[in-house]
Amino acid sequence: MAFGKSKNRRRQDAAPRNDAVTGAVRSHGPSVAKALGLAVATAGLIWGGIELRAWAVVTPRFALESVNFSGLERASRPELLKLSGLTAGQNLWTLDPAALARSMGQHPWVRTVEVTRRFPRGVSVEVTEHAPAALAVLGDLYVLDEEGEPFKRVTPGDGLDLPLVTGMERDAYVADPDAVRSKFREALDVTRAYARLLPGRSERLSEVRLENTGLALVTATGQEVRLGAGDTEVKLQRLARVRRELSTRGLAAAIIRLDNRARPGWVAVRLSSGSDSVRSGDSTQ
């Protein structure tokens, strides 16, 4: 009899729970049914997504067939492919565009890389290269980009015919790279202004020397122009006038000085005629 009572008690305990669920369904009706249906549907989508992913990463439908590059000038396609590790047949879903960009960004000429998967079988790579603007002596010879960054050592195959920037030490760059880059940008500003205001190759700019007192220029013919500090464009315009005046007189200058701080309008000229004579005067007269 005691056993029978125990069984009946279990039945009686279960009944309220069933009534509670039934009551909840009756009370909330479609909302509960909808929630249950949504949960089942979500679970189905998750499971379906897992199965789809498993299929996508093995199917030959997404096997890599082509890699298209844009923006290449000095970096080459084979070099970048070698750095990236991309090979035909790799599954596009397994590729990490960010990791590929970092790998190809190790090329010394590459400034930025953007990698995009082109489904179903392609990858596109958009490259921005450093633009060489000058060469800099920092122990070794380096290439400067337009922002004054020494981004690579010069190699024999570079074939660069650019002005040389001197006067900075490697130790100074290591100690304070921002300060040295600022100096390099100053030198690059002068090279651009020189090319704009004194076009032609008769006195092509060969070297920009960074000195404690300012800037000095050396041309391909060996003429030295001492600019000093400040008023670069005004001084270069004055230099153009002095050269024209010397040319009309059939003279050539070994040194032209435009760095007189006390009298900024004065120009001193040392002729290259074999004498040590120095001509000086106010260029505005």
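Definitions and cut-offs
Note that residues are indexed from 1 along each chain, following the sequence as it is written. Whole-chain, interface and lining totals are the exception, using all residues; otherwise, since this is a predicted model, local features are given only for residues with pLDDT of at least 70 and side-chain atom pairs are given and counted only at 80 or more. For side-chain calculations, the full set of non-hydrogen atoms in the structure is used, while hydrogens and water are omitted. A fitted line through C-alpha atoms serves as each axis, taken over the contacting stretch for helices, and the angle formed by two N-to-C directions is quoted from 0 to 180°. The way it works is that DSSP assigns letters per residue, a run of H or I at least four long becomes a helix, a run of E at least two long becomes a strand, and they are numbered from the N terminus. An angle below 35 degrees is read as roughly parallel, one above 145 as roughly antiparallel, one from 65 to 115 as roughly perpendicular, and any other as oblique. Note: crossing handedness is left-handed where the near helix turns anticlockwise from the far helix by less than a right angle, and right-handed where it turns clockwise. Here a residue-residue contact requires only that any non-hydrogen atoms of the pair lie within 4.5 Å. Residues are grouped as follows: Ala, Val, Leu, Ile, Met, Phe, Trp, Tyr, Cys and Pro are nonpolar; Asp, Glu, Lys and Arg are charged; every other residue, Gly included, is polar. Only protein chains enter the area calculation, which uses a 1.4 Å probe; residues under 20% of their type maximum are buried, those over 50% are exposed, and those in between are partly exposed. Strand pairing is defined by DSSP finding a minimum of two bridges between the two strands. For every residue, the predictor reports its confidence as pLDDT, a number between 0 and 100. Here a salt bridge means any side-chain nitrogen of Lys or Arg lying within 4 Å of a carboxyl oxygen belonging to Asp or Glu. Only Phe, Tyr and Trp rings are paired, with Trp represented by its six-membered ring, and only when their centres lie within 6.5 Å; those with planes under 30 degrees apart are stacked, over 60 edge-to-face, the remainder tilted.

Participant: What exactly am I supposed to notice about the packing of helix α6 (residues 177-197) against helix α7 (residues 232-248) here?
Facilitator: A packed helix pair is summarised by two numbers, namely the angle formed by the two axes and the spacing between the axes. It is the contact of α6 with α7, at a shortest axis distance of 10 Å, that shows an interaxial angle of 40 degrees. Considering the angle they form, α6 stands oblique to α7. Read as a crossing pair, α6 and α7 show a hand that is right-handed. Along the contact surface, α6 presents V190, A193, Y194, R196 and L197, while α7 presents T232, E233, L236, Q237, L239 and R243. When grouped by side-chain class, the residues that make up the contact of α6 with α7 number six nonpolar, two polar and three charged.

Participant: Looking at this structure, how should I read the pairing of strand β3 (residues 122-129)?
Facilitator: Side-chain positions along a regular strand alternate between the two faces of the sheet. Across the eight residues of β3, six count as buried, placing the element largely inside the fold. When strand β1 (residues 66-70) meets β3, the two strands line up parallel, connected through five bridges. Looking at β3, one finds that S70 is bridged to E126. Note: strand β2 (residues 110-118) against β3, eight bridges, orientation antiparallel. By the bridge assignment, R117 is partnered in β3 with V123. Taken together, β2 and the strand that follows it, β3, pair antiparallel across an intervening segment of three residues.

Participant: Explain the packing of helix α3 (residues 77-84) against helix α4 (residues 97-104) here, please?
Facilitator: Between α3 and α4, whose axes approach to 8 Å, the crossing angle comes to 125 degrees. As summarised for this structure, α3 and α4 are arranged oblique, according to the angle between their axes. α4 is crossed by α3, and the crossing has right-handed handedness. Residues L80, L83 and S84 of α3 form the contact with α4, whose own contacting residues are L100, S103 and M104. Across the contact of α3 with α4, the residue classes tally to four nonpolar, two polar and no charged.

Participant: Quick question: what am I supposed to make of the confidence of the model for the protein here?
Facilitator: Close inspection of predicted coordinates is inappropriate in any region flagged by low pLDDT. When the pLDDT values of the protein are averaged, the result is 84; 76% of them are 70 or greater. Low pLDDT (under 50) marks residues 1-17, which in the prediction has zero contacts with non-local residues, meaning those over four places away or in another chain. Low pLDDT, under 50, characterises residues 275-279; the predicted model gives this stretch 12 contacts beyond four residues in sequence or across chains.

Participant: For this particular structure, what's the right way to read the sheet that holds β1?
Facilitator: What holds strands together in a sheet is hydrogen bonding between their backbones, with the strands either parallel or antiparallel. Read across the open sheet, the three strands follow the order β1-β3-β2; overall the sheet is mixed. Lying at the two open borders of the sheet, with one neighbouring strand each, are β1 and β2. The average angle at which neighbouring strand axes cross in this sheet is 20 degrees, direction not considered. Where α3 meets the sheet, its contacts fall on β1, β2 and β3, and the angle it forms with β1 comes to roughly 120 degrees. Across the sheet, α4 is in contact with β1, β2 and β3; its angle to β2 comes to roughly 150 degrees.

Participant: Could you clarify how one ought to interpret the pattern of salt bridges in this entry?
Facilitator: When charged atoms on two side chains of opposite charge get close, those side chains can pair. Throughout the structure, instances matching the rule amount to 16 salt bridges. Between E233 and R196 there is a salt bridge, and its shortest N-O distance comes to 2.4 Å. With E233 in helix α7 and R196 in helix α6, this pair connects stretches of sequence that are 37 residues apart. With its nearest N and O atoms 3.0 Å apart, the salt bridge here joins R226 to E211. Of this pair, R226 sits in strand β10 (residues 224-228) while E211 is found in strand β8 (residues 205-211), placing the two residues 15 residues apart along the sequence. For E211, a relative accessible area of 23% corresponds to the partly exposed category. Among the ionic contacts, a cluster of salt bridges with common partners joins R209, E211, E224, R226, R257 and D259.

Participant: Help me understand the environment of E207, please; the structure alone is not making it clear to me.
Facilitator: Note that E207 resides in strand β8. When the C-alpha positions of E207 and V218 are compared, they lie 5.0 Å apart, and in sequence the two are 11 residues distant. The residues contacting E207, other than those within four sequence positions of it, are L164, T166, A216, L217 and V218.

Participant: Please clarify how the packing of aromatic side chains should be interpreted in this entry.
Facilitator: Working definition: an aromatic ring pair is given by the centre-to-centre distance plus the angle between the planes. Within the structure shown, the criterion is met by four aromatic pairs. Seen in terms of ring centroids, F62 and F119 are 5.8 Å apart; in terms of plane orientation they differ by 85 degrees. Their pairing is edge-to-face. Of this pair, F62 sits in the loop between α2 (30-56) and β1 while F119 is found in the loop between β2 and β3, placing the two residues 57 residues apart along the sequence. On the basis of relative accessible area, F62 is assigned to the buried category, the value being 11%. Relative to F151, the ring of W109 has its centre 5.1 Å away and its plane inclined at 65 degrees; by these criteria the two rings are edge-to-face. Placement of W109 in the loop between α4 and β2 and of F151 in strand β6 (residues 150-153) is noted, with a sequence separation of 42 residues between them. An aromatic cluster is defined as three or more aromatic residues linked by ring pairs; in this entry it consists of F62, W93 and F119.

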